[in-house]
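What follows is the residue order along each chain.
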Amino acid sequence: MKKITLALAGNANVGKSVIFNYLTGLHQHIGNWPGKTIEKAEGTLHHKGYTIDVIDLPGIYSLSTFSIEELISRKYIVEEKPDVVINVIDATNLERNMYFTLQLIELGRPIIIALNQMDLAKKKGICIDIKKLQKFLGVPIVPVIATQGEGIHELVHEAITLVEKGYKKPKIEYGKEVEKEVQKLTKSLNKIELGYPKRFLAIKLIEGDKEIRKLIKEIDPHIIKITEKYAKNIERIHGHDRFTIIASERYKIANEIAKDYISIGSCKAKYSDKLHEITTHGLWGYLIMIFSVLSLFYIIFTFGNFFSDILIESFMSLQTIFEQYFGTEIVSSLAWGVIEGLIAGITIVLPYILPFYIILGLLEDSGYISRIAFLMDKFMHKIGLHGKAFIPLMLGYGCNVPACLGCRIMETQREKLIAIFVTTLIPCAAVTTVILGLVGKYVGLVWALSLYIINLMIVFILGRIAFKVLPGEPTELIMEMHDYRIPHLKTVIKQAWFRIKDFIYIAFPLIIVCSFLIKVLDVTNLSVSIENIMKPITVGWLGLPVFTGIALIAGIPRKELTLIILAAHGGTTNFSAVLSPVQMIVFSLVTMLYIPCIATIAALIKEIGWKKAIFITVFEIVFAIFVGGIMFRLLML
Amino acid sequence: MNNPIFLVNLKEGEKAIIVSIRGGAGVTQRLTDMGLTPDTEITVIKSAFFGPIEVSVRGSKLAIGRGIAAKILVKVKE
C-alpha cells in the first residue's frame, strides 16, 4: 500500500476544518501536539490504492514565530516533510491569504492551493483568473466550495498527481534590493544542513527570526555577522525595520497578485455588510448582544430543564429495578452510587451542555462571536484581557472544563492565567441547576438573577485584582472579522463534540470515582462526623443548617450533587421546609463560588500546573466562605 | 501632504496611508503580518470614544485595540 501525507495549512476561518471533515469523514483522531496544548487533528482516507494521512495544521496568518501555532506548523512542515501541503485560501480575501501562501512556498514542500469559498466570491462579484494565477505562482490551484463538498475530489486527485509526477519548486522574487541580499546570503548558507530550504533560512535571518538565528549561530556565528551587514544595508535603503521590510515585500507581491488576477464586478451593499454594521453599532450592537445572550440562556435552560426532568425520571425508574434485583445492601448501594454518578453526568451533558455548545458554535461559525468580542473588548480590558477572552468565558456557562482549555486562544501565559482564573468563577450549567432549583424555585427568579449579577461583579473585581497583581503588559486585540456567513452545521457539531469530549474524558471518570466516595461516606455514617467538624463554618459563620456540610462536600465532584444530597440529608425535596430563603441564597452563592469542581481542577492542573491550580482552588474556597458569611449578615439586617 | 497623526485620532470613514508603527517588536510583527505595512491604505470604519477601532485594510476588516491604534502613525489621504 502506497502512503501519502497531506497537511492542510491556511489562515483562520477559511474553511480548513470543513475540508478536513470532507476528506477524512469519521476516520479522524484529535490529540495534542507533543508537549503543547494545541489541538492536532489527524485523519485517513483511501483513494486509488493510496492510504492518505491528512493533518489539519492550526489556522495562522504567518510563519514567523510569534505564536506557538506558527512555530508548530513550521516545524511540522520542515521536519515531518508532508508529501503535499494543501494551502486552503479564502477566495474573497486573496491578498491577505497570499501573504501566507508566499511563505509556504518558501518552505519548499510541494503545494496545492485550495481556492475555497468560490461561491461567496461569485456573489461578491469577484472573478479570479485561476489559470494565470496558477502560472504566476507555479502551484496547482483547485477551486473549492468546501461547504458543499465541491472540488474536494479534485483536490485529492491533484495531490496524487503531484506526488506521482513530481513538483517543480516555484521561485518568486522580491524587490531588487532585498532580492540581492537574499541571494547573497543564500549562497553563504551553502554548507548549512538544517532541513530548511536555504532561501527560506536566508529570508528568515534577514527578517530577524530568533529561532533560525539561534540555530545558525550554533553552527556558524560568522553568518550572523554577514546577515547583520546585509540587513542593515536594507534597513538603510528602506528606512524601516527588517521585519517590516520583508513583510512589506511579501504584501507587495500579494497586492500585485490581487490587482492582476482579480476583476471585481458590480458590488452593491450586501445583506451581510448591513448585519455587520448593526451588530457592531455603539447602541444597537450592545442591545442585540444582550438580547441574544439572554435568549440563548433562556432557551437552553427552559429546554434543558424540561429534557433533564424526563431523563432523570426515566433513570430513577431504573433505580427501582436495580434495587429489586440487587437489594439495598451496602455493596449494591455503593454500586448504585457509581451508576448514579454516570447518570448525573449524562443529565447535565445532554440537556444543557450539548445544545448550549451547538448554538454557541453556530454563532461562532457565522461570525457573530467575533462581533461580540469586538463589543466586549473595552470591558475585558478592565481585567487585563482583550475581547477574544469573551469566548472561553461564554463556554464557562456551559462547563468550566472546555472553557479552561478554551483559554489557550490567549496570546501570553499571563493572559491565559487570568482568563482561566475568571473562567473558574463562572457558574456552569450544573451550578445553574442548583441556583434555579433552590433560589429560582423557592425565593424568586429576581433573586436568582441577582446572584448572577453578583457573580459578574465578583468576576470583574477579582479579575481586576489579578490583572494588577500579575506582572506584565497586557496584549491588545488584533482580530480579523470575517464576513457573516451561514454556519456549516457539520463543522459546528464536530466542534461541539470535541469540546464535550474534554468534559467526558476528564470529568466523567473523576465524577464516578467521587460519587462512589461520597456514597462510602454516607453508608459508613462518616458524613455525620464531617458535618460536625464543619459546624463552625456552616452553622457559625454561614448560618446554614448542620446537614448542609456534607452537601457542600458533595459539590466537589459535581456541583449539582449538592441538591441531591441536600434532599437526602434534609429528609425532603421541599427545600422550603428545611431552609429559609436567606439560607438558600447563601447556600447557592457559596456553591457558585467555593471550588472549581474536581474535573475543573484536573483541567487546571493540565493547563497551568498543579501549584497554580491548588492556589486557585484554595483561594476560591476561602473566598466563597468569606463572601457567603458577609451575604448572610447583610441579608439578616 | 499634512503631518502624520496616529490612527486612533482618525475619524470614521477617513482614509489614510500607514507611515510607520511605533511599537515594540512583537506588536509591529503582528500588525505587519496582518498586512499593516508602511504605504498601505487603511480606512477607519468604526471608532467610538472607547473600545477597539475597526479598520478595513487589504480588503478585510480588522478590530484593533485602541492602545495599538495609538502606535500606528498614518498620513490622512486628502
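Residues numbered from 1 in each chain as written. Chains lettered and ligands numbered in written order. Predicted model: local features only at pLDDT ≥ 70, side-chain atom pairs only at ≥ 80, totals over all residues. Heavy atoms only, no water.

J.: Residues and numbers for the overall build of chain A, please.
T.: Of regular secondary structure, chain A possesses 28 helices and 10 strands. Against the compact-globule benchmark of 26 Å for 637 residues, chain A has a radius of gyration of 28 Å, which places it among compact chains. Taken over the C-alpha atoms alone, chain A extends approximately 85 × 55 × 50 Å along its principal axes. Residues counted as buried form 56% of the 637 residues belonging to chain A. Summing over all exposed atoms, chain A offers an accessible surface of approximately 28100 Å²; the carbon and sulfur share of this is 65%. Taking the 67 positively charged and 56 negatively charged side chains of chain A as two groups, their mean positions are separated by 5 Å. (Helix = DSSP H or I, 4+ residues; strand = E, 2+ residues; numbered from the N terminus. Rg over C-alpha atoms; globule rule 2.2 N^0.38 Å. Buried < 20%, exposed > 50% of the residue type's maximum accessible area, 1.4 Å probe, protein only. Areas by Shrake-Rupley, 256 points an atom, 1.4 Å probe, with all protein chains shown as cover. Lys, Arg positive; Asp, Glu negative; His and termini not counted. Charge placed at Lys NZ, Arg CZ, Asp CG, Glu CD.)

J.: Tell me about the overall build of chain B, and please be specific about residues and values.
T.: From N to C terminus, chain B includes 2 helices and 6 strands. Reading chain B from its N terminus to its C terminus gives the helix and strand order β-β-α-β-β-β-α-β. Its C-alpha atoms give chain B a radius of gyration of 11 Å, within 12% of the compact-globule value 12 Å for 78 residues. Viewed in the frame of its principal axes, chain B has a C-alpha envelope of about 30 × 30 × 20 Å. Across the 78 residues that make up chain B, the buried fraction comes to 56%. In chain B, once contacts between residues fewer than 6 apart in sequence are set aside, the share between residues at least 24 apart is 60%. (Contact = heavy atoms within 4.5 Å.)

J.: Give a description of the side chain of glutamate 249 of chain A that names residues and reports values.
T.: All names here are of chain A. Topologically, glutamate 249 is positioned in helix α11 (residues 242-261). The buried charged residue glutamate 249 lacks any salt bridge partner; its closest oppositely charged side chain belongs to lysine 252, at an N-O distance of 4.5 Å. Those residues in contact with glutamate 249, other than ones at most four positions away along the chain, are Tyr174, Gly175, Val178 and His238. (Salt bridge = Lys/Arg side-chain N within 4 Å of Asp/Glu carboxyl O.)

J.: Outline the confidence of the model for chain B, supporting the account with residue identities and numerical values.
T.: All names here are of chain B. Of the residues in chain B, 99% reach a pLDDT of 70 or more, and the chain-wide mean stands at 88. The weakest mean pLDDT in chain B belongs to helix α1 (residues 25-33) at 86; the strongest belongs to strand β6 (residues 72-76) at 93. As scored by the predictor, the complex reaches a pTM of 0.78 and an ipTM of 0.89. (pLDDT = per-residue confidence, 0-100.)

J.: An account of the interface of chain B and chain A is requested, with residue identities and associated values reported.
T.: Contacts between the two partners involve 31 residues from chain B and, on the opposite side, 34 residues from chain A. In this assembly, chain B and chain A are joined by 3 salt bridges. Lysine 61 of chain B is paired through a salt bridge with aspartate 483 of chain A; the nearest N and O atoms lie 3.1 Å apart. If you tally residues by element for the side of chain B that touches chain A, the top one is α1 of chain B, at 7 residues. Here the side of chain B that touches chain A is built from residues that sort into 12 nonpolar, 12 polar and 7 charged. Pairing between strand β10 (residues 478-481) of chain A and strand β5 (residues 60-64) of chain B: 4 bridges, direction antiparallel. Note on β5 of chain B: the bridge partner recorded for isoleucine 478 of chain A is isoleucine 64 of chain B. (Nonpolar A, V, L, I, M, F, W, Y, C, P; charged D, E, K, R; others polar. Pairing = 2+ DSSP bridges.)

J.: Account for the pattern of salt bridges, naming residues and giving values.
T.: All names here are of chain A. Summed over the entire model, instances satisfying the criterion amount to 24 salt bridges over all chains. Lysine 204 is paired through a salt bridge with glutamate 207; the nearest N and O atoms lie 2.8 Å apart. Of this pair, lysine 204 and glutamate 207 are both found in helix α8 (residues 198-207), 3 residues apart, which corresponds to roughly one turn of the helix. With a shortest N-O distance of 3.2 Å, glutamate 228 and arginine 242 are connected by a salt bridge. In this pair, glutamate 228 sits in helix α10 (residues 221-238) while arginine 242 sits in helix α11, placing the two residues 14 residues apart along the sequence. Relative accessible area serves as the criterion here: at 15%, arginine 242 is assigned to the buried category.

J.: Hey, could you go over the confidence of the model for chain A for me, with residue numbers and the actual values?
T.: Per-residue pLDDT for chain A averages 87, and the proportion of residues at 70 or more is 98%. When mean pLDDT is compared element by element in chain A, strand β5 (residues 84-90) of chain A scores highest at 95, while strand β2 (residues 28-32) of chain A scores lowest at 72.

J.: So what about the pairing of strand β6 (residues 111-116) of chain A? Which residues, and what values?
T.: All names here are of chain A. The element β6 is extensively covered by neighbouring structure, given that 6 of its 6 residues are classed as buried. Neither face of β6 is open: one carries Ile111, Ile113 and Leu115, the other Ile112, Ala114 and Asn116, and all of them are buried. Bridge analysis of β5 against β6 gives 6 bridges, and the strand direction is parallel. Bridge pairing in β6 links aspartate 90 to asparagine 116. Read as a crossover between parallel neighbours, the route from β5 over helix α3 (residues 94-107) to β6 is right-handed. (Right-handed = clockwise from strand over helix to strand, strands pointing away.)

J.: I'd like a rundown of the sheet that holds strand β1 (residues 5-6) of chain B, residues and numbers included.
T.: Taken together, the 7 strands give an open sheet; going across it, the order is β10(A)-β5(B)-β4(B)-β3(B)-β2(B)-β6(B)-β1(B), and neighbouring strands pair in antiparallel fashion. Of all the strands in the sheet, the pair left with one neighbour each is β10 of chain A together with β1 of chain B. Across the sheet, α1 of chain B is in contact with β10 of chain A together with β2 (15-21), β5 and β6 of chain B; its angle to β2 of chain B comes to roughly 140°. (Axes fitted to C-alpha atoms, helices over the stretch in contact; angles between N-to-C directions.)

J.: Talk me through the nonpolar core; I want residue IDs and the actual numbers.
T.: Residues and elements named next belong to chain A. Of all hydrophobic cores here, the largest spans 114 residues; its most connected members are Tyr357, Leu385, Leu566 and Leu593. Apart from the residues lying within four places of it in its own chain, the contact partners of leucine 593 are Leu425, Asn455, Ile458, Glu620, Phe623, Ala624 and Val627. Core analysis: the second largest hydrophobic core is formed by 64 residues, Leu133, Tyr174, Ile216 and Ile262 among them. (Core = buried A, V, L, I, M, F, W, Y, C linked by side-chain atoms within 4.5 Å.)

J.: Which residues make up the environment of threonine 538 of chain A, and what are the values?
T.: Residues and elements named next belong to chain A. Within the secondary structure layout, threonine 538 lies in helix α23 (residues 535-541). Each C-alpha atom, one on threonine 538 and one on glycine 549, is 6.2 Å from the other, the two residues being 11 residues apart in sequence. Every residue in contact with threonine 538, bar those within four places of it in the chain, is listed here: Gly543, Leu544, Pro545, Thr548, Gly549 and Leu552.

J.: Outline the packing of α8 of chain A against helix α9 (residues 210-219) of chain A, supporting the account with residue identities and numerical values.
T.: Residue and element names in this part refer to chain A. At a minimum axis separation of 8 Å, α8 and α9 run at an interaxial angle of 110°. If you check the angle between α8 and α9, you find them roughly perpendicular. Considering only the axes of α8 and α9, their crossing is left-handed. In this structure, α8 contributes Phe200, Leu201, Lys204 and Leu205 to the contact, and α9 contributes Ile212, Arg213 and Ile216. Partitioning the contact of α8 with α9 into residue classes produces 5 nonpolar, no polar and 2 charged. (Parallel < 35°, antiparallel > 145°, perpendicular 65-115°, else oblique. Left-handed = near helix turned anticlockwise from the far one by under 90°.)

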